[in-house]
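Breakdown of the fold
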Amino acid sequence: CYPFGLVFKDTTKPLPPPKKVNLTFSSDSTDIQSDSIKVISLFVTTLDSANIRSGIFEFDLDTAAFDSVAVLKGALLSNAGLATGHDTTHITASFSSLDSLSGSGELLKIVLRGKKRADTICTSILNPKLTVLNDGHRDSLIAYKLHGICVLGIVPKDTTHKGFAGSDEWKDIRLAITTNS
């Protein structure tokens, strides 16, 4: 005779709700020389316990400052798929992974080409929006700390300006006075 028994899951206790996770999406300030290319890294705080497997990052491009843009996978997405799309000024990057993303660090890289220009213009990644998909709606807040990007204009070396300081012809000229030390 063999003993026999059944085990049932205790359904009287509901499962605890998923833990909410706050995410911060950030980048550093940077300068780009006019008519050149620069890679900007976008970082995210820890994704552990957020159970994120896919998402979409979208933003608008300042066409006065940049000729072109490309979005590449960062270290956190090394084993994930990435699809990008854009119209004239709006860029989207969709990512997905079979496994949940974990850790913190570089999520995406943005490759920007500064427009050829004589003046300097400062801007940023415009209208950023990160949408992540997971089970249980574990993200409660996504904060953006995306800092400025300046495209530094090219001033020809043989350019000289003549006139009187304060006159209309000098209104767009930046002047720096330094000591001879």
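Residues numbered from 1 in each chain as written. Predicted model: local features only at pLDDT ≥ 70, side-chain atom pairs only at ≥ 80, totals over all residues. Heavy atoms only, no water.

1. Brief notes about the nonpolar core
- Phe57 and Leu107 are the most contacted members of the largest nonpolar core, which has 35 residues in total.
- Here this core gets four residues from one element, more than from any other, and that element is strand E8 (residues 105-114).
- Setting aside its immediate chain neighbours within four residues, leucine 107 contacts Phe25, Leu42, Phe43, Val44, Lys73, Gly74, Leu76, Leu77, Phe95 and Leu101. (Core = buried A, V, L, I, M, F, W, Y, C linked by side-chain atoms within 4.5 Å. Buried < 20%, exposed > 50% of the residue type's maximum accessible area, 1.4 Å probe, protein only. Helix = DSSP H or I, 4+ residues; strand = E, 2+ residues; numbered from the N terminus. Contact = heavy atoms within 4.5 Å.)

2. Some details on the pairing of strand E7 (residues 90-96)
- Burial along E7 is one-sided: Ile91, Ala93 and Phe95 are buried, and none of His90, Thr92, Ser94 and Ser96, which face the opposite way, are.
- The pairing of strand E4 (residues 52-60) with E7 spans seven bridges and is classified as antiparallel. Looking across to E7, one finds that phenylalanine 57 is bridged to alanine 93.
- Strand direction decides the pairing type here: strand E6 (residues 81-86) and E7, joined by six bridges, are antiparallel. The residue bridging glycine 81 from the neighbouring strand is serine 96, located in E7. (Pairing = 2+ DSSP bridges.)

3. Digging into the side chain of serine 34
- Within the fold, serine 34 resides in the loop between strand E2 (30-33) and strand E3 (37-44).
- Given the relative accessible area of 4%, serine 34 is considered buried.
- Leaving out residues up to four positions away in the same chain, serine 34 has contacts with Gly114, Lys115, Lys116, Arg117, Val151, Leu152, Gly153 and Ile154.

4. Focus on the sheet that holds strand E12 (residues 149-152)
- A sheet is described by the order of its strands in space; here three strands give the open sequence E2-E12-E9, paired in mixed fashion. The open sheet has two edge strands with one neighbour each: E2 and strand E9 (121-123). When the angles between neighbouring strand axes are averaged without regard to direction, this sheet yields 20°. (Axes fitted to C-alpha atoms, helices over the stretch in contact; angles between N-to-C directions.)

5. Topic: the state of the cysteines
- For the structure shown, the criterion picks out one disulfide.
- For cysteine 122, the disulfide goes to cysteine 150, at an S-S distance of 1.9 Å. Across the disulfide from cysteine 122 to cysteine 150, rotation about the S-S bond amounts to roughly 105°, and the bridge is consequently right-handed. Taken together, the positions of cysteine 122 in strand E9 and cysteine 150 in strand E12 put the pair 28 residues apart, joining distant regions of the chain. (Disulfide = S-S within 2.5 Å.)

6. A closer look at the confidence of the model for the protein chain
- On average, residues of the protein chain score 81 in pLDDT, and 73% of them are at 70 or above.
- pLDDT under 50 marks residues 173-181. Its contacts with residues more than four places away, or in other chains, come to one contact. (pLDDT = per-residue confidence, 0-100.)

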